[in-house]
Structures are given as C-alpha cells and as structure tokens.
Amino acid sequence: MQVNKLYCKNFRNLTEIEITPCSGMNVICGENAQGKTNLIEAIWLFTGAKSFRNSKDSAFLNLDSQKGVNILSFEDNGTEYTAKMEFSDKRCAFLNEKALKSPSGLAGKFNAIVFSPIDLSLVTEGPSVRRRFLDLAVGQLYPNYISLLRDYNKAVMQRNQSLKEYKYDSSLSIMLDIFEEEIANKGEKIIKTRLRYLDILKNFIPDIYYGISSGREFISAEYLCSSKGDELKQKLLISRKEDMFTCVTSVGPHRDDIDFKINELSARNYGSQGQKRSIALSVKLAQAQVIKQVAGEYPVCLLDDVMSELDPKRQEYILNHIRNWQCFLSCCDPSNFTSLKKGKVFEVIGGSVTER
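What counts and what doesn't
Residues numbered from 1 in each chain as written. Predicted model: local features only at pLDDT ≥ 70, side-chain atom pairs only at ≥ 80, totals over all residues. Heavy atoms only, no water. 1 Å grid on protein atoms, 1.4 Å probe; cavity = no way out; pocket = protein on both sides within 12 Å on 5 of 7 lines; lining within 4 Å. Points joined across faces, edges and corners; volume = space filled by probe spheres on them. Nonpolar A, V, L, I, M, F, W, Y, C, P; charged D, E, K, R; others polar. Helix = DSSP H or I, 4+ residues; strand = E, 2+ residues; numbered from the N terminus. Buried < 20%, exposed > 50% of the residue type's maximum accessible area, 1.4 Å probe, protein only. Contact = heavy atoms within 4.5 Å. Phe/Tyr/Trp six-rings, centres within 6.5 Å; stacked < 30°, edge-to-face > 60°. Lys NZ or Arg CZ within 6 Å of the ring centre and 35° of its normal. Patch = residues over 30% accessible without salt bridge, like charges linked within 9 Å, V, L, I, M, F, W, Y side chains within 5 Å. Areas by Shrake-Rupley, 256 points an atom, 1.4 Å probe, with all protein chains shown as cover. Salt bridge = Lys/Arg side-chain N within 4 Å of Asp/Glu carboxyl O. Axes fitted to C-alpha atoms, helices over the stretch in contact; angles between N-to-C directions. Parallel < 35°, antiparallel > 145°, perpendicular 65-115°, else oblique. Left-handed = near helix turned anticlockwise from the far one by under 90°.

J.: Would you mind showing me how to read empty space enclosed by the protein here?
T.: Unoccupied space between atoms shows up once a probe the size of one water molecule is rolled over them. For the coordinates displayed, the defined rule picks out one cavity of 30 Å³ or more. Space inside the largest cavity adds up to approximately 30 Å³. Taken together, Y142, T193, R196, Y197 and I200 form the lining of the largest cavity. A breakdown of the residues in the lining of the largest cavity according to their chemical character gives three nonpolar, one polar and one charged.

Put into structure tokens, the structure is as follows:
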C-alpha cells in the first residue's frame, strides 16, 4: 500500500496543497497550528474510518469555503486507484470516479494505521480503551467480527434491562436464561478471536519495543479474561444475584483488559511518559505487521506528533528502522529529524506545504 499523490483543497486550513511523497519516510514538519495534523488526517480519512481526532464532519470544511475536496492516488498490490472525498454540508466519497454510498465504503480499499497523542490512552486510561483498540484492529481484518460484537453488546444490554425489571416481574428469569445463552455463545467467540489476534500481535511487539528502547527494556502483553473457555455461561448464572443490585452484567469480554508490562512491572502504574508512548507506538507498529501478515501488504503508517518525549536514540530508531513501507511522520522541532538518513521532508506553514 502506497500513497503516490495527495491533493487537498479547503480541507481545514489547507487551502490548496499537493504533495508527491516517497515510498519510505516522509517527515511533515512545522510549528504548532500550521496544518501538520490536518495533512495526516486527510490521508487517514481515506480508510473510510472516522477522524482519529473525534471531529464531526462539519469541522473538515474550511470556514471560508462552501466546498472542499481531497484526492488520493494510491497503489495496492501494484494496482493504481484514485479516491476522492468531497466536503460540503455532508461528506461524499468516490473510488475511481464511482460514487460510494458512504465514506465507509472505502474501508478495505485503502489501509493505514495511525498513531496520535490520543493513543497514549492505550496505556494510561482504563480497560475500555484497550478493548476498543483490540476490537477495531480485529474488525479491520475480519469484518464479520463487527456484527458478532454488535450482537453480543445487544444481548448484554437486554440482560441489563431484564436485571433492572426483574424486581417488578420475577418471570423475567426466563428472558435472563435466553440472554445469558446468547452472551455466552457470542462472548466465547469474541474471546477466542481476540486471543488469536493478540497472539499474532505479541509476536511483533517485543522486538519492536526492544529496538525502540535500544535493548534497555522488555515488554510483555497479557489478555486479562474474566472467563475462559466454556465457563462464561456458568459465571453469568452465578453472578446473576449480585448483578441484580447493580443492573450491570459483571462478567464477559466487555469487562476484559490487556496488561502491558515493562521489565515485569505494570506500565500503566510505573512507566514514564516516554515509555508509555513507546508502548503505544510499538503496539501500532505491530498492528501494521499483523496486517502485512494477514493481508499480504503493509498499510500506510501515519505517525502524528510521535517524537515528543522520546530520547534521541528512540527518535533515530523511528526515523530509520521503519523499512520497506511508507510512513508519514509529523513533528515540530527540526532537531527531531536531523538523523534521517533517507526520505523526504515537507514543511507546513499556514496551511501551505513545500518540499525541503
């Protein structure tokens, strides 16, 4: 997967820009609020996903314009494609000049992974953030997983509602049996799929983190499961009485977590900011390796503000050891990319982009 050309007009503060990136490392430099992240975001939107900045569609269009457009020329396994995204009162997407029902129709056509400062929450925040990462990563490779997860969450909501109403109608125990059967059936499949994906991911995380840390630290990742194998249905039955007080289903994959450790210590509790950033980055780069293994080609790598809080050795690794796949990396400080051995540098000033 490779971007050959990107054109943006009236996208956020990018009034009109065009870049032709190289097949390796592309550094996007400039001071804060100049448009670096906007450029990264413009590429990301062609995956068909929502903005990694949690922005609404209405925020994409330049405030002084009525219409905006982004055009991406890219290759996938040697085949060239042109995707277009138009912005007005709504967002419309096209692939090879054919209109799509929605921007999500681009999913699976253009693959990318993105790291942004918000991804630090993968280590610093609660279990729901790590579950969401895992579910999005699995869903990107196995679309059927999305519907499986949707059905599971629906069954959990139905059980919660029945728990709430049970004190008024004890006959709802029959409905609880039905919903628990559904939760157990779907939940066990979700857990097995997550474990299978994490097993592949764990093949890559240690080596990537070892390289980023220059061999000074070791990382491990463990799936913390509230129930294993076929025991979920039994645990749901056992927890039913207690769950009636809280009206919340207390066991199942919606309560699971991933535990990251550095040198056998909890990264969330004892890791420095630089270490936490390195873990989140390692997980994202490992995700790209999994996509390569499953889909046969690397996704485009988008790294937004990844260099801050990394020491020079970690910065040098990022710049020069992501090989044989295309990467876009944004940073503010020119000293962050002085060790770049091969690639292109683009400077963003006030929404304009020039190649240095």
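J.: Before we go on, may I ask you to explain the side chain of Q34 in this structure?
T.: Note that Q34 resides in the loop between β3 (25–29) and α1 (36–44). Residue Q34 is classed as buried on the basis of its relative accessible area of 18%. Apart from residues lying up to four places away in sequence, Q34 is in contact with N13, V348, I349, G350 and G351.

J.: What's the story with the environment of A184 in this structure? I'm lost.
T.: Looking at the secondary structure, you find A184 in helix α5 (residues 173–201). Taking the relative accessible area as the measure of exposure, A184 reaches 4% and is therefore buried. Among all residues touching A184, those that are not within four sequence positions of it are L232, K233 and L236.

J.: Any chance you could explain the packing of aromatic side chains here in plain terms?
T.: Aromatic ring pairs are described here by two measures, namely the spacing of the ring centres and the angle between the planes. Overall, the coordinates contain seven aromatic pairs when judged by the stated rule. Aromatic side chains F60 and F87 sit 5.7 Å apart centroid to centroid with 70° between the ring planes, which places their arrangement in the edge-to-face category. Taken together, the residues span a long stretch of sequence, with F60 in the loop between α1 and β4 (68–76) and F87 in strand β5 (residues 79–87) at a distance of 27 residues. Directly above the ring of F94 sits K84, whose terminal nitrogen or CZ lies 5.0 Å from the centroid. The aromatic ring of Y298 is capped on one face by K292, whose charged end is 5.5 Å from the ring centroid.

J.: Would you mind showing me how to read a nonpolar patch on the surface here?
T.: Together, I174, M175 and I178 line one region of the surface with nonpolar side chains, adding up to about 270 Å² of accessible area. By the secondary structure assignment, M175 is in helix α5.

J.: What exactly am I supposed to notice about the packing of helix α4 (residues 144–166) against helix α7 (residues 232–246) here?
T.: The axes of two packed helices give the description: the angle between them and the distance between them. For the pair α4 and α7, interaxial distance at closest approach is 10 Å and the crossing angle is 50°. Taken together, the axis directions place α4 and α7 in an arrangement best described as oblique. As α4 runs across α7, the sense of the crossing is right-handed. Taking contact as the criterion, the partners of R159, L163 and Y166 in α4 are, on α7, L236, S239, R240, D243 and M244. Taken together, the residues of the contact of α4 with α7 sort by class into four nonpolar, one polar and three charged.

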